[in-house]
Amino acid sequence: MSVWGKLIGGAAGLALGGPVGAILGLAAGHGVDSVSREKKSNKTFNATEKEQVFASGVISLAAKLSKADGVITKEEIITFKRIFDFPKEDEREISKLFNAAKESKESYKDIANQIYKFFQKDKGLLFELLNSLFAIAYADNELHKNEKIMLEQIAKIFKFSTDEFEHINSLFIKKTNNINNLDVYLKVLGVKKDTSMEVITKKYKVLIKEYHPDRLQGLGLPKEFIQLANKKLASINEAYSAVKNEKTNK
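Residues numbered from 1 in each chain as written. Predicted model: local features only at pLDDT ≥ 70, side-chain atom pairs only at ≥ 80, totals over all residues. Heavy atoms only, no water.

1. Quick word on the overall build of the protein chain
Cut-off, in case you're wondering: Where helices and strands are cited, they refer to DSSP runs of H or I of at least four residues and of E of at least two residues respectively, numbered from the N terminus. Working definition: with a 1.4 Å probe on protein chains only, accessible area under 20% of the residue-type maximum means buried, over 50% means exposed, and in between means partly exposed. Residues count as neighbours in contact if any of their non-hydrogen atoms are within 4.5 Å of one another. Accessibility throughout is a Shrake-Rupley quantity obtained with a 1.4 Å probe, and a residue counts as covered only by protein chains that appear here.
Scanning the protein chain from N- to C-terminus turns up 13 helices and zero strands. Ordered by position from the N terminus, the helices and strands of the protein chain form the series α-α-α-α-α-α-α-α-α-α-α-α-α. By residue count, 49% of the 250 residues in the protein chain fall in the buried class. The contacts in the protein chain between residues at least 6 apart in sequence include a share of 73% that link residues at least 24 apart. Accessible area of the protein chain: about 12,400 Å², with a carbon and sulfur share of 49%.

2. Concerning helix α5 (residues 91-103)
Rule in force here: A helix is expected to span 1.5 Å multiplied by its residue count minus one.
The end-to-end C-alpha distance of α5, which contains 13 residues, comes to 18 Å, matching closely the 18 Å that a straight helix rising 1.5 Å per residue would cover. For α5, every residue scored as buried is listed here: Glu93, Ile94, Ser95, Leu97, Phe98, Ala100, Ala101 and Lys102.

3. A word on the packing of helix α6 (residues 108-119) against helix α8 (residues 145-157)
Rules: Think of each axis as a best-fit line through the C-alpha atoms, taken over the contacting stretch in the case of a helix, with angles from 0 to 180 degrees between the N-to-C directions. An angle counts as roughly parallel when it lies under 35 degrees, as roughly antiparallel when it exceeds 145, as roughly perpendicular when it falls between 65 and 115, and as oblique in every other case. We call a crossing left-handed when the near helix sits turned anticlockwise from the far one by less than a right angle, and right-handed when that turn is clockwise.
Taken N-terminus to C-terminus, the directions of α6 and α8 make an angle of 30°; their axes are 9 Å apart at the nearest point. Comparing the axis directions of α6 and α8 gives the class roughly parallel. Classified by chirality, the crossing of α8 by α6 is right-handed. Here Tyr108, Lys109, Ala112, Asn113 and Tyr116 of α6 lie close against α8, whose contacting residues are Met150, Gln153, Ile154 and Ile157.

4. Brief notes about the pattern of salt bridges
Quick reminder of the rule: Only one rule defines a salt bridge in this text: a Lys or Arg side-chain nitrogen within 4 Å of an Asp or Glu carboxyl oxygen.
Counting across every chain of the model gives two salt bridges. Close ionic contact of Lys123 with Glu164 constitutes a salt bridge, the shortest N to O distance being 3.1 Å. Here Glu164 lies in helix α9 (residues 162-177) and Lys123 lies in helix α7 (residues 123-137), a separation of 41 residues in the sequence. Looking at Glu164, the relative accessible area reads 25%, which means it is partly exposed. Residues Lys202 and Glu198 are paired through a salt bridge, measuring 3.9 Å at the closest nitrogen-oxygen approach. One end of the pair is Lys202 and the other is Glu198, both in helix α11 (residues 197-211) and four residues apart, which spans about a single turn. Accessibility assignment for this pair places Lys202 and Glu198 in one class, exposed.

5. Looking at the packing of aromatic side chains
Cut-off, in case you're wondering: Centre distance within 6.5 Å is the pairing criterion for rings of Phe, Tyr and Trp, where only the six-membered ring of Trp is used; planes under 30 degrees apart are then read as stacked, over 60 as edge-to-face, and the remainder as tilted.
Under the definition given, this model contains eight aromatic pairs. Between Tyr138 and Phe172, the aromatic rings sit 5.7 Å apart at their centres with planes inclined by 10°, giving stacked as the arrangement. Pair noted here: Tyr138 is in the loop between α7 and α8 and Phe172 is in helix α9, with a separation of 34 residues, a long-range link. Phe172 matches Tyr138 in its accessibility class, with the two residues each being buried. Centroid distance Tyr204 to Tyr240: 3.9 Å. Interplanar angle 10°. Geometry classified as stacked. Here the residue Tyr204 occupies a position in helix α11, and Tyr240 occupies one in helix α13 (residues 223-248), the gap between them amounting to 36 residues. Just as Tyr204 is buried, Tyr240 falls in that class too.

6. Regarding the nonpolar core
In plain terms, the rule: Each nonpolar core is a collection of buried residues, namely Ala, Val, Leu, Ile, Met, Phe, Trp, Tyr and Cys, held together in the definition by side-chain atoms within 4.5 Å.
Among the nonpolar cores identified, the biggest contains 66 residues, and Phe80, Ile115, Leu133, Leu151, Ile154, Phe158 and Leu189 are the most heavily contacted of them. Top element by residues in this core is α7. It accounts for ten residues. Here Ile115 is in contact with Val20, Val53, Gly57, Leu126, Leu129 and Phe158, once residues within four sequence places are set aside.

7. Here's the deal with the side chain of Asn131
The topology assignment puts Asn131 in helix α7. When its relative accessible area of 1% is taken as the criterion, Asn131 is described as buried. Beyond its immediate stretch of four places on either side in the chain, Asn131 contacts Ile168, Phe172, Tyr211 and Lys232.

8. Some thoughts on the environment of Glu164
Our working rule: Nitrogen and oxygen atoms within 3.5 Å of one another constitute a polar contact, given that in protein one can donate a hydrogen and the other can accept it, and given that sequence-neighbouring residues count only through two side-chain atoms.
For Glu164 and Phe127, which are 37 residues apart along the polypeptide, the C-alpha to C-alpha distance reads 9.0 Å. The residues contacting Glu164, other than those within four sequence positions of it, are Lys123 and Lys159. A distance of 2.8 Å separates a polar atom in the side chain of Glu164 from the backbone nitrogen of Ser161.

Set out below in structure tokens:
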């Protein structure tokens, strides 16, 4: 069974506490009162449960993001499925959790804060979670103003810099608009036009390491999210090649 099919009723459910635990409980049909919503667990989570928390966090924040532009459609789960390619048999579970999160009174900031506290020692996981939310926001080939504001706030909660935020955003700007100009490539790499090729190469190697499948698997990232990260790796490689050619041919 994939990570998606284990979410509702999984061991990470109500034991997690906080807004994500409350949403999981509501999706499972449990009445979650203010006490259980605030409950904090001292439990140590295993790798499978960490996957559940990660995927649950993505779905919960994605549901809130779907309301950011003021338009809620029946295509949301279809869009989510297109991005993450989850099995047909898991669609019902994901839909229940997505709808519970969408209708819940839990704020996206509270959800993001809980996810940050859970994964604050695993910045790579937080980075990939933010990457996933960008993929969802750009699903309609446009980043709406309110979506960008929400993503900026989540990035701040996750302790990411403005440059790190722009790096992720540039990856999707390039993909969505098929833009191949030098400025976008430089933002993808997180460097400036006057940055030396030596520094650019060092930055490129850091990015390649961050997106390497082995490292992401070691962090416990579900395979569905590793596939998404691999697409970003291809964009980084393309950006580096383009910038290198531009610098070399000057």
